[in-house]
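Below, each chain spelled out in residue letters.
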Amino acid sequence: RRVRRCDMCGLRARRASCPHYNIWNTCGRAAPRLPTQVANGPSDNTHNSHYYDGLGVQNVYLGEYVRIDGTLVSGPSLSDLVAAENPDLDAEMRTRLMETMMALGRIKTAAEAGFAYDEMLERGNEAGEALVMGGVDALIAQTRSIERVVTALNLDSIDIEGSDSLDDPTAVFQ
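No experiment lies behind these values; they were computed from the predicted model shown.

**Description of the overall build of the chain**
In terms of helices and strands, the chain carries 7 helices and 2 strands. Along the chain, helices and strands appear, N-terminal first, in the series α-α-β-β-α-α-α-α-α. A fraction of 47% describes how many contacts in the chain between residues 6 or more apart in sequence connect residues 24 or more apart. Per element, the accessible surface of the chain, about 11,000 Å² overall, is 52% carbon and sulfur.

Structure below.
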């Protein structure tokens, strides 16, 4: 019998030995999770991680962010560069960012209303699956637009890494 080891720490993938035990289901195989949930480990804050990771990408693209005191900080943006090359692509990217933030915002709102992220991932939970997959689908569409931005700006030296669980979901269970 093959012993499954944690991809993060190399320890046996069991509740008693692996500090990342919450990402393993009862049969000892990795349960599919978004990358930041794996990195966060056992936490009730995964919804915030997803949301603020998405917001950070949006802030970088738009060249602006809102400080804690509510003031807007802005400057030159990646959006400016893309719009100069291809205004339609810039509009597409802005749309993808908005769609991603809406989907991640729905996850965040549901979690803050008491629908724990782990519950969203439970097998058979259609409402949770719809929320999480809405976020995943939006992030995938956003990534495709980012790839087009890279091409439009002739940034050939950039490699966009895939995700084992998203590129080949069956690989997670091997």
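Okay, back to it.
**Considering a negative patch on the surface**
Judged by side-chain charge, Asp-44, Asp-118, Glu-119 and Glu-122 come together as a negatively charged surface patch. Using a relative accessible area of 34% as the deciding quantity, one classes Glu-119 as partly exposed.

**Notes on the packing of helix α2 (residues 46-62) against helix α3 (residues 78-85)**
In contact at an axis separation of 5 Å, α2 and α3 are set at 60° when each is read in the N-to-C sense. Taken together, the axes of α2 and α3 are oblique relative to one another. Counting all contacts with α2, which are made through Val-60, Tyr-61 and Leu-62, the residues of α3 involved are Leu-78, Ser-79 and Val-82. A breakdown of the residues in the contact of α2 with α3 according to their chemical character gives 5 nonpolar, 1 polar and no charged.

**Quick look at unusual backbone geometry**
A positive phi angle, close to 55°, is found at Asn-154, a residue other than glycine. Within the secondary structure layout, Asn-154 lies in the loop between α6 (126-152) and α7 (164-167).

**With respect to α2**
With 17 residues, α2 should reach 24 Å at 1.5 Å per residue; the first-to-last C-alpha distance of 24 Å fits that figure. By the burial criterion, the buried members of α2 are Thr-46, His-47, Asn-48, Ser-49, His-50, Tyr-51, Gly-54, Gln-58, Tyr-61 and Leu-62. Gly-63, located one to two residues past α2, shows a positive phi value of around 70°.

**Details of the environment of Ala-116**
Looking at where Ala-116 falls in the secondary structure, it is placed in the loop between α4 (87-112) and α5 (117-120). Given the relative accessible area of 29%, Ala-116 is considered partly exposed. Note: C-alpha distance between Ala-116 and His-47 (69 residues apart in sequence) is 8.7 Å.

**Some words on the side chain of Lys-108**
On the secondary structure map, Lys-108 appears in helix α4. Only 3.3 Å separates the side chain of Lys-108 from the side chain of Asn-48, close enough to count as a polar contact. Among the polar contacts made by the side chain of Lys-108, one reaches the side chain of Glu-112 at a distance of 2.5 Å. Sequence-distant contacts of Lys-108, defined by excluding residues within four places in its chain, comprise His-47, Asn-48, Tyr-51 and Tyr-52.

**Some thoughts on the nonpolar core**
Core analysis: the largest hydrophobic core is formed by 11 residues, namely Tyr-51, Met-101, Leu-104, Ile-107, Ala-110, Ala-111, Tyr-117, Met-120, Leu-131, Val-132 and Val-136. Of all the secondary structure elements, the ones that give two or more residues to this core are α4, α5 and α6.

**As for the pattern of salt bridges**
Under the criterion given, the structure shown has 5 salt bridges. Glu-92 is paired through a salt bridge with Arg-148; the nearest N and O atoms lie 2.6 Å apart. A residue pair is termed long-range when its members are at least 10 positions apart, and Glu-92 in helix α4 and Arg-148 in helix α6 qualify at 56 residues. Overall, Glu-92 belongs to the partly exposed group, its relative accessible area being 22%. Residue Arg-148 is classed as partly exposed on the basis of its relative accessible area, which comes to 39%.

**With respect to the environment of Glu-85**
Mapped onto the elements, Glu-85 comes out in helix α3. On the basis of relative accessibility, which here comes to 54%, the residue Glu-85 falls in the exposed class. In the structure, Glu-85 is positioned 67 residues away from Ala-152 in sequence and 7.0 Å away in space, judged by C-alpha atoms. Contacts of Glu-85, omitting those with residues within four sequence positions, involve Ala-152 and Leu-153.

Calculation criteria
Residues numbered from 1 in each chain as written. Predicted model: local features only at pLDDT ≥ 70, side-chain atom pairs only at ≥ 80, totals over all residues. Heavy atoms only, no water. Helix = DSSP H or I, 4+ residues; strand = E, 2+ residues; numbered from the N terminus. Contact = heavy atoms within 4.5 Å. Areas by Shrake-Rupley, 256 points an atom, 1.4 Å probe, with all protein chains shown as cover. Patch = residues over 30% accessible without salt bridge, like charges linked within 9 Å, V, L, I, M, F, W, Y side chains within 5 Å. Salt bridge = Lys/Arg side-chain N within 4 Å of Asp/Glu carboxyl O. Lys, Arg positive; Asp, Glu negative; His and termini not counted. Charge placed at Lys NZ, Arg CZ, Asp CG, Glu CD. Buried < 20%, exposed > 50% of the residue type's maximum accessible area, 1.4 Å probe, protein only. Axes fitted to C-alpha atoms, helices over the stretch in contact; angles between N-to-C directions. Parallel < 35°, antiparallel > 145°, perpendicular 65-115°, else oblique. Nonpolar A, V, L, I, M, F, W, Y, C, P; charged D, E, K, R; others polar. Expected span 1.5 Å × (residues − 1). Polar contact = N/O pair within 3.5 Å; in protein donor to acceptor, adjacent residues only side chain to side chain. Core = buried A, V, L, I, M, F, W, Y, C linked by side-chain atoms within 4.5 Å.

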